[in-house]
Structures are given as structure tokens and as C-alpha cells.
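Close look at the chain arrangement
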Amino acid sequence: VHFFKQEMAAATDYEGKIYLEEKGKPSAVLILHEKGAAMKNVLYGKCVRCGRTYEATPDLTTCECGGILDITYDYDYIRTQLTKEKLAARTDRSMWRYRELLPIEETTENTPLRVGNSPLYEEPRLAEMLGLKRLYVKDDGQNPTASLKDRASAMAVAKAREAGAKIIACSSTGNAASSLAGNAAAAGLRTFIFVPERAPKGKVAQLMTFGANVISVQGDYEETFELSKKAIEKYGWYNRNAAINPYLSEGKKTVSLEIMEQLGWQVPDYIAISVGDGCTIAGLWKGLKDLYAIGFIDRLPRLISAQAEGCHPINRAIAENRPWQPMEENTLADSIAVGVPRNADKALMAIRECHGLFVNVSDEQIMAAQKLLGRTCGVFGEPAGVTGTAALKKACEQGLIPHDATVVSVVTGNGLKDVANAIKSAGEPINIKPDLDLMVEEFAKRGVTVE
Ligand SMILES: *Cc1c(COP(=O)(O)O)cnc(C)c1O
Ligand SMILES: [Zn+2]
């Protein structure tokens, strides 16, 4: 390569890249990292389909082959940077306490809303009812916009800032949208959000309150996604679409980093979680593998992939051991009513690698689990939020889980998001005039015990 100084100036088409020419023909590209900005812990984004690698730029999307990229880390480097002791001494309780395991530049600020640090409750009474030795419920509905999606959206906001973007867009069944709108609003960024018309009112109310530009699409999630894709191409907005942006599941993986830290690095036997696009279960698995790779845990749990009977393309692919096929979106669990899963590749890999269980539950079983969690644990989840618990209950009843197992069930979204369905399953209250005798009469009629 003949390489002269004046040629270098001419060949630099934009900051950070130099194109080298040999005899007038392109010969190589030099990629320059700005000092301090590079991610020392990240190697590259790697296509899960063809293995091709890409430099981990903030606006990285999918592979040329259409495959999804997986962020690949330098675990040897991370091991020198992060120890359990160092982590334990850290006062930041948000998801950013796991910085060394996250794909962000050292200089990138934490996003403003407190995302993560949701409680992990031990639930001995529910454990007994299900016939399990030990059961924990991770209530991720206690994130700032009330779902696990905040973990991905905070990551999207951090990466959009690195990319210098002012507008972020996404399509969503609801929670990705409201979490993006909230996390972006707090960071002073604008959002364009595409939701299917069926999205529950609670989620749309959040979007409007957070000041998003909301496009409610008269169609299903698939059509909503396609419209958002076209609009993002047209305007060049920062893309927070599930699976397209490889950083999102890296944000979601903080749920398993947190679970493991909360359990004192004692690995449970199973973790149950609901599955729609598949980013969440893929992220959960990635976090566990990260911890294994840096020696924080010494084995890996099995995952329970929970889907609705009315829409379970991922579980069907596992059950029949063949590629996934689209399905109708026929369940009241709107957040996982995903007939064309966007991250099927990573989700299927995760379920297969961990020898996971796959359990489909009916809408009735989902609503029963919502009541059960409410009554025994005081945890109020939305239908998709409790689908993992519904699947766990069914798996226990079918004898798929040994009695001496320790299980974590992740509740992924808060019940206040979808009050209409909660009232349908939990019923109406005693409704009377303000009169004590009437109340006593009503108690007797309904057999209410008062002591
Ligand atoms: C998005 C979502 C899921 C499923 O996550 P995917 O990444 O789509 O598989 C589960 N529960 C709730 C509450 C969600 O919002
Ligand atoms: Zn590829």
C-alpha cells in the first residue's frame, strides 16, 4: 500500500474512517477510534446466522444477510475490570452498575430514570402451593415505566446519545413504546412510536403523557412493525426496534445479572419467563452466560419459555424441532401476542442451549396466575407479565419440575397497564349504599368471614 499524507487527507470521507487506495483502487479501510470513546470490553457484533462480524458502532443494526447481530465481549479484559467485591461496594443500584458487562462507551452517562433494582421476593407460600422447594418472584413491573422493557429502552437512549441522534423510533406491542417514550423524555430526546390499534389504554396513556408522537396503526403487530421500518428508513431516526438493534437485549440481560447478584450468585435450577419477539429470553440467557464466562457463577440454569396457546410460534418450533412459522395473534396477553417473532433466532438458540422447557398456557390459566400472584404475593402483573408464572404452575402440575428445585419466576410487566383484563378476571367489588346493615347482609349473602 502506497500511503502518503496528502492522500490520507483526501481519502478521509468522514470522521473515524480512512479509505486506503492502491494504484487508484480501494485496498483497505482503517477504522480510527477516538481516544477514550472506544468500548474496550466489546470485540464486535457477530451475526448469529452467518458469523460475519461488524464493528460495534452505536447505530449498528442487522447483518447484510438479514441475520441478527450478537454483541461479543472480551471476557478476559472484563475479568480484569470487574470482581464481585468491586460490584458489592458500588452504590449505583440501577442497571448501569453492570457497566463492565454492557456495550457502552466509558464516557457515556447513565440515563436519568432509575431502571433496574427491581425486587426479588422469596415466596414460600406460593412455593408450597406449587410443590417447589424454593421459589422467587422477580417483580420487574417495578421499573420506572412499569415493565422489563425499560432495561432495553434505557440502553437505546444511551446508544442514541452516543450516535448523536435526537429522535428515536420504534414499533411495539405497547411496553417497548411506553418505556422508550419515558426514558427518552427524561433524557430530552424525541420519539416516534408505532403501536397496533389493540394496545391497551394504559400503555397509550403513558405514551401520550411522555409526549411521544404516537401512530396507532389499524392492523396487527406485523403491519405496525413494517410501517415503522419504512418510516425509520425514510427519516433516518435512531432505531429501537426489537432485534434490529443488537444492543437492546444487552440491556435486557441486566435482569439476570441482577437476579444472580440478589441470590448471592447461587444459581437457581429454573427461570421462567414469557416470550413474544424473543429478545427478553435471549437477553436473560446472555446475562447468565456472561456471568459464567467471567467466573461469577459455576453453572447455568434451565429456562422455561412461556407462551400463550393462542400464539406460540417459538415454542412450536422447539416442540416440532423445525424452523418457526408465523401464527395468529390470538391471546389477551397483548405484550406477547407476536405472530412473527423478530428475534426467533436468538430465542431458539437460548432455549436449545439451556435445554429449556417450553410451556403454552391458555388465557384462562394466565388470568388465574394473575389472581394467584396477587393473592399470595401481593404482586400485580399484566397478563404477559404473569405468563411465566402460569407456565411454571402448569409445568409443576405436569410433573416436569422436580420438587427439590429452586425456581425464579420473572414478572415482566405491571398489572395497571391493562386494568380492563384484570377486572375481568378478579371480579367486581361489593357495591352498596353507605349503610352498615346492608354491608352485614351482603357479607352473610357472600359468606365473607370477618375474623
Ligand atoms: C415485551 C414483553 C414480553 C416479551 O418480550 P420479548 O422480547 O418480546 O420476547 C413479556 N412480557 C412483557 C410484559 C413485555 O412487555
Ligand atoms: Zn449474517
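Residues numbered from 1 in each chain as written. Chains lettered and ligands numbered in written order. Predicted model: local features only at pLDDT ≥ 70, side-chain atom pairs only at ≥ 80, totals over all residues. Heavy atoms only, no water.

**Things to note about the overall build of the protein**
Each helix and strand in the protein was counted, giving 17 helices and 15 strands. In terms of principal-axis extent, the alpha carbons of the protein reach across some 95 × 45 × 45 Å. Taking all 451 residues of the protein together, 54% fall into the buried category. Across the protein, contacts joining residues at least 24 apart in sequence account for 67% of those joining residues at least 6 apart. As displayed, the protein has an accessible area near 20,300 Å², and 52% of this comes from carbon and sulfur atoms. (Helix = DSSP H or I, 4+ residues; strand = E, 2+ residues; numbered from the N terminus. Buried < 20%, exposed > 50% of the residue type's maximum accessible area, 1.4 Å probe, protein only. Contact = heavy atoms within 4.5 Å. Areas by Shrake-Rupley, 256 points an atom, 1.4 Å probe, with all protein chains shown as cover.)

**What to know about the sheet that holds strand 11 (residues 238-239)**
Taking strand neighbours across the sheet as the criterion, the four strands line up as 10-9-8-11 in an open arrangement whose pairing is parallel. Each edge of the open sheet carries a strand with a single partner, namely strand 10 (213-217) and strand 11. Judged from the five bridges that link them, strand 9 (residues 190-196) and strand 10 form a sheet pairing that is parallel. For Phe-194, the partnering residue across the bridge sits in strand 10 and is Ile-215. Of the strands in this sheet, strand 8 (167-171) and strand 9 touch helix 6 (residues 175-187), which is tilted by about 170° from strand 9. (Pairing = 2+ DSSP bridges. Axes fitted to C-alpha atoms, helices over the stretch in contact; angles between N-to-C directions.)

**A few points about the coordination of the zinc ion (ligand 2)**
Around the zinc ion (ligand 2), the protein contributes the donor atoms Cys-47 (SG), Cys-50 (SG), Cys-63 (SG) and Cys-65 (SG), at 2.3 to 2.4 Å from the metal centre. Classification of the site at the zinc ion (ligand 2) as tetrahedral follows from its four donor atoms and the range of 103 to 119° in their angles at the metal. Read from N- to C-terminus, the donor residues coordinating the zinc ion (ligand 2) fall into the pattern C-x2-C-x12-C-x1-C. Remark: Cys-63 occurs in the loop between strand 4 (53-54) and strand 5 (69-73) and Cys-50 occurs in the loop between strand 3 (42-47) and strand 4; sequence separation between them is 13 residues. Judged by its relative accessible area of 45%, Cys-50 falls in the partly exposed class. (Donors = N, O, S within 2.8 Å, 3.2 Å for Na, K, Ca; no water. Tetrahedral: all angles 85-135°; square planar, octahedral: opposite > 155°, others 65-115°.)

**Side note on the site of ligand 1**
The environment of ligand 1 is made up of 16 residues, and the closest members are Lys-149, Asn-175, Gly-278, Thr-280 and Thr-412. Between an oxygen atom of ligand 1 and a side-chain N or O atom of Lys-149, the distance comes to 2.8 Å. Contacts to ligand 1 include Gly-278, whose backbone N or O atom sits 2.7 Å from an oxygen atom. For ligand 1, whose accessible area on its own is 370 Å², the fraction buried by protein is 97%. Class assignment of the residues belonging to the shell around ligand 1 gives a composition of four nonpolar, eight polar and four charged. (Near = heavy atom within 4 Å. Polar contact = N/O pair within 3.5 Å; in protein donor to acceptor, adjacent residues only side chain to side chain. Nonpolar A, V, L, I, M, F, W, Y, C, P; charged D, E, K, R; others polar.)

**Quick word on helix 17 (residues 436-446)**
For helix 17, the side-chain oxygen to backbone nitrogen distance between the N-cap and Asp-437 is 2.8 Å, and the N-cap itself is Asp-435. With its phi angle positive at about 65°, Gly-447 sits one or two positions after the end of helix 17.

**Some words on a nonpolar patch on the surface**
There is a patch of nonpolar side chains on the surface, built from Ile-430, Ile-432, Leu-438, Val-448 and Val-450 and spanning about 360 Å² of accessible area. Within the secondary structure, Ile-432 sits in the loop between helix 16 (419-426) and helix 17. (Patch = residues over 30% accessible without salt bridge, like charges linked within 9 Å, V, L, I, M, F, W, Y side chains within 5 Å. Salt bridge = Lys/Arg side-chain N within 4 Å of Asp/Glu carboxyl O.)

**Describing the environment of Pro-103**
Mapped onto the fold, Pro-103 is located in the loop between helix 3 (84-88) and strand 6 (120-122). Owing to a relative accessible area of 0%, Pro-103 belongs among the buried residues under this scheme. When near neighbours in sequence (up to four residues on either side) are disregarded, Pro-103 contacts Met-39, Val-42, Ile-71, Tyr-73, Met-155, Lys-159, Tyr-247 and Glu-250.

**Points about the pattern of salt bridges**
Under the defined criterion, the tally for this structure stands at 28 salt bridges. Taking the shortest distance from any N to any O, the salt bridge between Lys-286 and Asp-70 comes out at 2.9 Å. Remark: Asp-70 occurs in strand 5 and Lys-286 occurs in helix 11 (residues 279-293); sequence separation between them is 216 residues. Judged by relative accessible area, which is 9%, Lys-286 ranks as buried. Among the salt bridges present, the one from Glu-442 reaches Lys-445, with a minimum N-O distance of 3.5 Å. In this pair, Glu-442 and Lys-445 both sit in helix 17, three residues apart, roughly one turn of the helix. Exposure remark for Glu-442: the relative accessible area of 14% places this residue in the buried category.

**Some details on the pairing of strand 12 (residues 270-274)**
Working note: regular strand, side chains alternate between the two faces of the sheet. With five of its five residues buried, strand 12 lies for the most part within the structure. Alignment of strand 12 against strand 13 (residues 302-308), held across five bridges, turns out to be parallel. Bridging from a neighbouring strand, Ile-271 pairs with Leu-303 of strand 13. For the segment spanning strand 12, helix 11 and strand 13, crossover handedness is right-handed. As judged from the three bridges shared by strand 12 and strand 15 (residues 406-411), these two strands associate in the parallel manner. Within strand 15, the position partnered with Ile-271 by the bridge is Val-408. (Right-handed = clockwise from strand over helix to strand, strands pointing away.)

**Overview of the nonpolar core**
Where a protein is soluble and globular, its nonpolar side chains tend to be buried together. By size, the foremost hydrophobic cluster in this structure holds 77 residues, and its most contacted members are Trp-96, Ile-193, Tyr-247, Leu-291, Leu-303, Val-408 and Val-410. With seven residues, helix 5 (residues 149-162) is the largest single contributor of residues to this core. In this view, Tyr-247 contacts Met-39, Ala-56, Thr-57, Pro-58, Leu-60, Ile-71, Pro-103, Met-155, Lys-159 and Tyr-238; residues no more than four positions away in its chain are not counted. Core analysis: the next-biggest nonpolar cluster, separate from the first, contains 34 residues, Leu-130, Ala-306, Ala-308 and Ile-366 among them. (Core = buried A, V, L, I, M, F, W, Y, C linked by side-chain atoms within 4.5 Å.)

**Focus on the pairing of strand 8**
Of all five residues making up strand 8, five are buried, and the element is well covered by its neighbours. Every second residue of strand 8 is oriented toward a common face, with Ile-167, Ala-169 and Ser-171 on one face and Ile-168 and Cys-170 on the other, all of them buried. Bridge count for strand 8 against strand 9 is five bridges, and the pairing is parallel. Opposite Ile-168, over in strand 9, you have Thr-191 as the bridge partner. Crossover strand 8 to strand 9 through helix 6 is right-handed. Where strand 8 lies against strand 11, two bridges are found, and the strand directions are parallel. Looking at strand 11, one finds that Ile-168 is bridged to Tyr-238.

By themselves, these are just geometric observations and shouldn't be taken as functional.
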